[in-house]
Structures are given as structure tokens and as C-alpha cells.
Amino acid sequence: MNREIAVVAFAQTDHRRTSEELSEVEMLMPVLHEVLAQTGLKTADIGFTCSGSSDYLAGRAFSFTLALDGVGAWPPISESHVEMDGAWALYEAWTKLLTGDADTALVYSYGKSSPGPLRDVLTRQLDPYYVAPLWPDSVALAALQAQALIDAGDTDEPALAAVAARSRTDASANSHAQLRGSVPHGGYVVRPLRTGDCPPIGDGAAAVILAAGERARELCDRPAWIRGIDHRIEAHSLGVRDLTDSPSARLAAERAGAFERPVDTAELHAAFTSQEIVLRKALKLDDGVRVNPSGGALAANPVMAAGLIRIGEAAARVHRGESDRALAHATSGPCLQQNLVAVLEGDPR
Amino acid sequence: MPEVLKAPLVVEFPFTRSVGPVQSAFLTGLRERVVLGVRTSDGRTLVPPVEYDPVTAEELRDLVEVAPTGTVTTWAWNHAPRRDQPLDTPFAWALVRLDGADTALLHALDAPGPDAVHTGMRVRVRWAGERTGAITDIACFEPYDDSPKDSGPDDGSSAEPAHHTGRFEDPITGIVAAARLDYTYSPGRAQTAYINALAERRNVGERCPSCRKVYVPPRGACPTCGVATLEQVEVGPSGTVTTFCIVNIKAKNLDIEVPYVYAHIALDGADLALHARIGGIPYDQVRMGLRVEPVWTQGSRFPDHYRPTGEPDADYDTYRELL
Ligand SMILES: [Zn+2]
């Protein structure tokens, strides 16, 4: 691959428990306008558009087609959609730019969790024969992983609480976050996970613009170059996997080049405190790495957008000169089943 | 801003799924109180069994029978069971490695409280009274006190699972995975305004500030320009049929005689056609350009159908852009 591709703009909504006064497109549109305004691009200038969302959140089929109204899909645009977190839409857009078919791409994703029972909704992504009929909710599955970590001596409840406290304290500086500052650690939701160990449930959207080569330098003072990006998947069945480890995250990071040189920042899509423990180990992040300065998914976890936001937050730190080499991670599926890792760098200063 | 509308929205789907040879044997086995696993070429036994090796993707067909007893490998205490979960009293979720298996099965563990559960504890299957060939034929696991009877390893995992043909009388070939999710649907600002106006027997669209087109029903954004449409515009009540189809299949729970006509109708003043049923005219006399008006039934929040106004047909050029 000899084409350099960078994140040149990032925008996100304020993430809130509910945005019921807005349809999905109404929630999304300001973010699309903001990310275009950052670059001075108009919709017609964008070479490729890719989005991520899930119909199960809203309970309506093909809901992403209505969200397209916020982009302005006439005259016809080159467009694609993944029924996944927007981080995977970004991967598709990155591939499209690599081929040379486009020089710029708009990537967006959104999720409104407020209409439905999110913990139950997420059970529908599980193995339909052996697992989904039992309706194990998302917190329950994360709790199984947390207990496995505790049994293995990798963490304990006070250490998990410290992850939660650090994340929400860092989120104080993030005006978009849903949970900020001091948040009570609360009682058990599914033991050993307490409310504080779990992400807030909320609605939100995010968008980024990618650009290739010189186009990126024209659009952004300090582009966040994607040095590598890779995603890997593990066995669907939880009982086959070692829940205390994330070999797929490690492999994705290796293929993305994350281990070639140290990173200074890591934005991890760790929705539960226990998942940060797993990812720190798998991604070989030591205490010198600034982890989730945005507050991470524990501060705002709009399903389908939270992974794209990790890439956006990491890129924005590069844009601002606060990071020279950042790792961004996104996940999907129960207990970190699927993992995507991107490495972002700014030009040397 | 008036309060947005909200309504319950229930999504229910009985998903009918066929099963392959391995899943069929496993699920039929559960019906017969037999737990089957599958052997990989490196000698591991996977329970629940799968048809392809999760590591090598090699096809797996070598079925073995494992014990209905096992060991908890991790667990989580669920003090507030949710609808459709295996037990309605507090229970532990557990991954259980059955004796003879190398992998763990997820299920519920019935125990008096979290203090009665620990990783490494011994459990056994509690069978459901009525079994149909589904994972729920295991009602749950329950604590099982099997003080060691011999000198073997106490975790039981070294027990050699016995070969099994996987053949049963009347094997199951599929499952019905029923699901129900309850939502509270809100249509958002623009469509709330539209629906509220309809209740007053008015049609309200929104105009795009950029291209000046009027959309009805409004969705809050201009799909051409990608900007918010905020200026409300009253359109109709009459309109023109731009295109139509003749419906010959009776919809479930719909009390309308077939055949009937469903049409795109461009309301006067609107730049987008909405769709509605045409009544008050034989189905085979509906035509492009027909002028129609809404018919409201008593107490209804929306027009029941549209009927001819009796005006002359609209000239093609007046609606050609709306096709
Ligand atoms: Zn417009």
C-alpha cells in the first residue's frame, strides 16, 4: 500500500440517555454538517460515503436509508453501509481510498438505544441455537468475563472501580460525554459488575472524514495518518475462548503495526471496566500510555458509534498536537469477540 | 416545541431455523437426556458441539457422549432475572465444563445465593420436565456434591467420553427461536408535527431552505441537500394521482376488499408524493392525473383513503417532476 490516508476531521453529538425528540436523521445531521464544515468540503465533494448502524436498536427495518437524508443522497452518491459499529465502516472507506477510487470519504455512525431494552436487544446477536434462547444480557456476559479475570488474579473489584473513576474523571474535560466527574460506583448489576463498571446507555452519533495524500494536507493542518488498521475475530462460543485474554485484539494490533514503536495514547472501546484490563494486557499498554483521555466508552457508549468515536478521539488528539502516535480500538460482539485496531500518527514536529 | 409523540412498538419474530447434523444430534440428545459433544482432530471435545472447528475450520462429525455433571469455569450472579431468562428467581449465569468436555457451556445455575457459588464448584444438569429438542431442555444446572469415589483427578475432566452415533428416533431438524422486543417508538420532531396536524385534518409539510422543495410527510431533512427542513407549509387537501398499483392480495387483519388501488398522490403544494389507498371509484378506472381528496372517518387521526374530487384530470406536465 503506497497511498497515505488520514483522518482529517471528527465530530460527535452530545451523548444522552435519550434523544426521543429527534429522529435518527435529525440527531445525525448536525454532526455531518460539523465534520464537513471543519474541512470546508460539501457533500458533492465527498468521493465515498460509508455508515454503520443497527436496525435492532430502533426496532425498524432499513432505518439507515432514512439517515441517508442527512447526507444529501441526490444526485446519486457512492455509498455503502455496514450493520456494525462505524469503525468497520471506516475500515471499508479506508479500503476504498487505498484502491484509488476516491480521495475523500465521509464515515458516520449512530445509535439510538433509548427506544428499546438494550441489554435484551444485544442478546439477538448471540448464537441462535445454543445461547440466544437463554437471553443472557450484555451485562451478564461481561460479568462472566470479569469473574474469570478476578479468578485468574488479573484484577479485583477495587481495581475495576479505579478504572471507572479514572475514566469518568477524565471525561470531565469531554463536553460530549454522558457520565462525567464523580459517579457513584453503585450496587451490583450482575455480580461482580456494579453500575459503575458498566457503560451508560444512550443515544449518539459521530462522523469522520478521511482523505488521501496531499488532499489530507490541504484539508487539515496536522492529519492523523492511518499507519495501519486491522480487524480480527474469535470463536463465537464463549466457552471455547479464554475470556481473560484477547488474542484477536493482539493480532489486529500486530498487523496494524502497533507494536513496532510505542504509542503515547490509546483510545480503547472497553465498555466495561473489566474489558480495559483484558485490552491493556493484549495490546501491551504500559502505564506510560495515556488510556482513554476522552473518558472512553464508560463515559459515553452510543452503540454502533462508540468504536468510531475511539478512532475520532485518537485522531483529534493528533490534530491538536497532543499525540504523535495513537492507538484506537473498536470492538463488537460479547466479551470482546471482534476487535479492530488502528494506529494513527501525526507528521513529525 | 410541542411534546413529541410516543407509542409502544412490539417486534416479535418466530425465527424458524434448520439445524445441521451435529446440532440436530446435540439438540435431539438433550430431548433424550443425553449430552453430546464433538471431537476435534487434536483430540479435544467441544460441548456444545459445532460442525466446524473454531480454530482450523475443519469439518467435525465425531460425536461423543459426555456426562451431565461438570465444573463451573466462571460465573456471574444475576439477582434480577429478566424476561425469558431460564429462571425467574435469582440465579448465577455459569460457564460449565461438563465431565469429558474441554470447552464450556453457558447456562443458568440455580443456587440459593452468590455465597453458594464459586469457580470450580461441581454442578449437574437439571432436566426440563417437558423437552422439545432445544437448549432450554436443560432447565438449568444445580449444585452437585460428588465427593470423590475413586482416586482419579477430582475435576473429572479426564473421564474418557464414549463414542456416540448421534442417531436417535425422530431426530429434530429445526428449532423455532421466538423473540420479542418491546420498544417505545418516537418519530421525532418533524413527523410528530405531521401526525399532530393530521389529527386536525390538516396536511403539513416542510420546506427545504436550500432547494425550496416541500416534503410531505416531512422527515426533518432534505434528502437532496442534506439540511434540516424547518419551515412548515400546509399542503393539500386535494392532490393528483401520479402513479398507482392494483392490489390483489388481501393483507392479514386488513378489512379492505380486493382488488383495490394504492397510489402515489402529490398533494397540492407538495414536491414529494405520499401514498394512500384510493376509494370511491372502481379500481379499473383509477388513472394517472386523477384529482383526489382525503376521506376522514369519524374519530380517525389520519385519512382512511382518498376519493375523486370530480375535477378534470391534471395535466401531465403539472406532476411529471413528481413521478
Ligand atoms: Zn433541498
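Residues numbered from 1 in each chain as written. Chains lettered and ligands numbered in written order. Predicted model: local features only at pLDDT ≥ 70, side-chain atom pairs only at ≥ 80, totals over all residues. Heavy atoms only, no water.

Caption draft 1: Representation of the sheet that holds strand S10 (residues 162-163) of chain B within the structure. Residue and element names in this part refer to chain B. Read from one edge of the open sheet, 4 strands run S3-S2-S4-S10, paired in antiparallel fashion. Every other strand in the sheet has two partners, leaving strand S3 (45-46) and S10 as the edge strands with one partner each. Of the pairings in the sheet, the one linking strand S4 (residues 62-66) to S10 comprises 2 bridges and is antiparallel in character. In the strand pairing of S10, Val-64 is matched with His-163. Contacting strand S2 (35-39) and S4, helix H1 (residues 21-31) crosses the sheet at an angle of about 155 degrees to S2. (Pairing = 2+ DSSP bridges. Helix = DSSP H or I, 4+ residues; strand = E, 2+ residues; numbered from the N terminus. Contact = heavy atoms within 4.5 Å. Axes fitted to C-alpha atoms, helices over the stretch in contact; angles between N-to-C directions.)

Caption draft 2: A look at empty space enclosed by the protein. Residues and elements named next belong to chain A. All told, the structure shown has 1 cavity of 30 Å³ or more when counted by the stated rule. Looking at the largest cavity, its volume works out to about 60 Å³. Gln-12, His-15, Asn-174, His-176, Ala-177, Ser-294, Gly-296, Ala-299, Ala-300, Ile-309, Arg-310 and Glu-313 together form the lining of the largest cavity. Tallying contributions element by element places helix H11 (residues 306-319) first for the lining of the largest cavity, with 3 residues. Of the residues assigned to the lining of the largest cavity, the class counts are 4 nonpolar, 6 polar and 2 charged. (1 Å grid on protein atoms, 1.4 Å probe; cavity = no way out; pocket = protein on both sides within 12 Å on 5 of 7 lines; lining within 4 Å. Points joined across faces, edges and corners; volume = space filled by probe spheres on them. Nonpolar A, V, L, I, M, F, W, Y, C, P; charged D, E, K, R; others polar.)

Caption draft 3: Region of the structure containing the interface of chain B and chain A. Listed per partner, the contact involves 64 residues of chain B and 52 residues of chain A. Taking both partners together, chain B and chain A bury about 4800 Å²; carbon and sulfur atoms supply 60% of that area. Along the contact surface separating chain B from chain A lie 4 salt bridges. At the level of elements, strand S1 (7-18), H1, strand S5 (69-78), strand S6 (91-98), strand S7 (105-109), strand S11 (174-185) and helix H2 (188-199) of chain B are the ones that each hand at least two residues to the side of chain B that touches chain A. When residues of the side of chain B that touches chain A are assigned to their parent elements, the largest contribution, 10 residues, is made by S11 of chain B. Partitioned by chemical class, the residues of the side of chain B that touches chain A number 37 nonpolar, 17 polar and 10 charged. (Buried area = accessible area lost by both parts, 1.4 Å probe. Salt bridge = Lys/Arg side-chain N within 4 Å of Asp/Glu carboxyl O.)

Caption draft 4: The coordination of the zinc ion, seen in detail. Residues and elements named next belong to chain B. Taken together, the protein donors to the zinc ion comprise Cys-208 (SG), Cys-211 (SG), Cys-222 (SG) and Cys-225 (SG), at separations of 2.3 Å. What the 4 donor atoms of the zinc ion show is an angle range of 107 to 113 degrees at the metal, which sorts the shape as tetrahedral. Counting along the primary sequence, the residues that act as donors to the zinc ion give the motif C-x2-C-x10-C-x2-C. Of this pair, Cys-208 sits in the loop between strand S12 (203-207) and strand S13 (214-215) while Cys-222 sits in the loop between S13 and strand S14 (231-235), placing them 14 residues apart in sequence. Across this residue pair, the class does not change: Cys-208 and Cys-222 are buried. (Donors = N, O, S within 2.8 Å, 3.2 Å for Na, K, Ca; no water. Tetrahedral: all angles 85-135°; square planar, octahedral: opposite > 155°, others 65-115°. Buried < 20%, exposed > 50% of the residue type's maximum accessible area, 1.4 Å probe, protein only.)

Keep in mind these values describe shape, not function.
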